[in-house]
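A look at the structure
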Amino acid sequence: MATLAIVGGGAAGMLASVFAARRGLEVHLYEKNEKTGKKLYITGKGRCNLTNACSMEDLLESVKSNPKFLYSAFYGFTNQDAMDFFEKEGLELKVERGGRVFPVSDRSADVLDTLRRSMKKAGVHIHLHSEVKKLRQEPDGSFVLEFSEGAKKEADAVFVATGGVSYTSTGSTGDGYRFAEDFGMKIVYPCPSLVPFNVREEFVKELQGLSLKNVSIQIADGRKVLYEDFGEMLFTHFGVSGPLILTASSVCARKLKEKELKLTLDLKPALSEEQLDARILREFENNRNRQFKNVLPSFFPAKLVPVMQKLSGISADKKIHEITKEERFRFLRLMKGLEMTVTGLRGYNEAIITKGGVSVREINPSTMESKKVPGLFFIGEVLDLDAVTGGFNLQIAWSTAYAAANAVKM
Ligand SMILES: Cc1cc2nc3c(=O)[nH]c(=O)nc-3n(C[C@H](O)[C@H](O)[C@H](O)COP(=O)(O)OP(=O)(O)OC[C@H]3O[C@@H](n4cnc5c(N)ncnc54)[C@H](O)[C@@H]3O)c2cc1C
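In what follows, the accompanying structure is described. Everything numeric in this text was worked out from a predicted model, so none of it was measured. (Residues numbered from 1 in each chain as written. Predicted model: local features only at pLDDT ≥ 70, side-chain atom pairs only at ≥ 80, totals over all residues. Heavy atoms only, no water.)

What follows concerns the packing of helix α10 (residues 273–286) against helix α13 (residues 325–336). Contact geometry of α10 with α13 gives a least axis separation of 10 Å together with a crossing angle of 125°. One finds that α10 runs oblique with respect to α13. Seen along the crossing, α10 lies across α13 with a hand that is right-handed. Of the residues in α13, those in contact with Glu-273, Leu-276, Asp-277, Ile-280, Leu-281 and Phe-284 of α10 are Arg-328, Phe-329, Phe-331, Leu-332, Arg-333, Met-335 and Lys-336. (Axes fitted to C-alpha atoms, helices over the stretch in contact; angles between N-to-C directions. Helix = DSSP H or I, 4+ residues; strand = E, 2+ residues; numbered from the N terminus. Parallel < 35°, antiparallel > 145°, perpendicular 65-115°, else oblique. Left-handed = near helix turned anticlockwise from the far one by under 90°. Contact = heavy atoms within 4.5 Å.)

On to the site of the ligand, then. Neighbouring the ligand are 34 residues; Glu-31, Ser-172, Asp-175, Glu-381 and Leu-394 lie closest to it. In this structure, Asn-33 approaches the ligand through a side-chain N or O atom, which is 3.2 Å from an oxygen atom. Contributing elements (two or more residues each) for the shell around the ligand: α1 (11–22), α2 (38–42) and α14 (392–407). No other element matches α14, which puts three residues into the shell around the ligand. (Near = heavy atom within 4 Å. Polar contact = N/O pair within 3.5 Å; in protein donor to acceptor, adjacent residues only side chain to side chain.)

This brings us to the nonpolar core. Ranked by size, the top nonpolar core spans 84 residues in total, and within it Leu-40, Leu-145, Val-158, Phe-159, Leu-376, Phe-378 and Trp-398 carry the most contacts. Filtering out sequence-adjacent residues up to four positions away, Val-158 remains in contact with Leu-4, Ala-5, Val-7, Leu-135, Phe-143, Leu-145, Gly-375, Leu-376 and Phe-377. (Core = buried A, V, L, I, M, F, W, Y, C linked by side-chain atoms within 4.5 Å. Buried < 20%, exposed > 50% of the residue type's maximum accessible area, 1.4 Å probe, protein only.)

What follows is about the sheet that holds strand β15 (residues 224–235). Here we have six strands rolled up into a closed barrel, ordered β13-β16-β15-β14-β17-β18, and antiparallel in their pairing. Neighbour-to-neighbour, the strand axes of the sheet open up by a mean angle of 45°, direction not taken into account. Together, β17 (261–266) and β18 (338–345) form the strand contacts of α13, whose direction differs from that of β17 by roughly 110°. (Pairing = 2+ DSSP bridges.)

Here the focus is the environment of Asp-229. Here Asp-229 shows up in strand β15. Considered as a pair, Asp-229 and Lys-121 are 108 residues apart in the sequence and their alpha carbons are 45 Å apart. Non-local contacts of Asp-229, meaning those with residues more than four positions away in its chain, are made with Val-215, Ser-216, Ile-217 and Leu-244.

Attention now moves to the pairing of strand β19 (residues 353–358). For β19, the tally of buried residues reaches six of six residues, placing the bulk of the element in the interior. With five bridges connecting them, strand β12 (residues 187–193) and β19 associate as antiparallel partners. Residue pairing for β19: Pro-192 is matched across the bridge by Thr-354.

Structure representation (structure tokens):
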């Protein structure tokens, strides 16, 4: 029987092994860790947001690098197919806010158990503690895998499912990029994504732990607006994080590698400048004889009060009726546009995914097979594909895995 070797027992490798084995292939999955799916275990804060129950249009829209490449794979194995697979295998699912799909148990371990059970049922041969060091092709088209402890194994086809380079402690250390390069394939320079930002201004440290809901941000490179959206963000000891920022990083990551960008935060996006001024005036009118610092809490959460006071340039003890019109406008503009300098990205160990990877120009989009090396397939995050948060990155892993498993000829 012809053998298929899968290098990497993460989300993509595990699912691919099930579908390939169900087709009757002899499938050997090689995982360098002591267990499969270490990264999958930490996904969705331990709950595993395994896909998104959105329309195909939104699925494609969520992909930030090379969405067109995924057209065929997404239609071949849709988000509904992913949900059906897990439900048929006995995992109950639920859909939360924003279409995010989780196991009803809220335990990523149950997603992992389901995959492990399916692999066993399908007859996949799982080899743990098996780190592939080198991959080469013989003149007859078959492959030889060389392992770190010196062993060699042969295979008729190989799936490289080694992931990206984020959270390297889970085993994803970019080995697949090296394998691809050894075959003369092009790698799109990797960079962390879905990652927090470092900010220069010292005041962010005072705001550490503050989470802001219903704010809007704009990120600009000079006059060019790169990203604009509304939602939730978080201040940290180094800068900013939270859903809005992580999504922004998937658009701005590459630019931030080259230069600093400006982040403008609108604390009152629901109000126009005129409406906000009317609100400030009303508050000021009702508190004419109080000090500025005592009126500020009616506008902001406690942590923001001293920061906004300092940035406004209005003395904390100043009586409200002494505040000039100019000062009031300055305060208003600060609320509508608190500026920060984004100096860079946090590192791979805080990045949910890696942007970049094996160039999709080298890959057949219907099969995930290398155009240069017949029999060599790349699936999951090792490819130059990435999406925003919401279950979309795992859907990329599932869909590309299925495409390869369904296409591999033996
Ligand atoms: C903290 C965190 C939370 C996340 N949450 C979500 C979420 O909720 N929803 C979502 O959609 N996405 C989420 N992601 C992203 C998602 O986990 C990844 O996109 C996905 O796991 C990629 O799957 P993969 O199989 O391509 O790679 P991985 O899951 O990284 O698996 C690669 C596997 O290959 C093995 N390997 C590597 N090199 C070798 C080698 N040389 N020999 C043998 N084995 C090797 C590794 O040990 C690893 O097990 C999250 C990521 C992180 C870091």
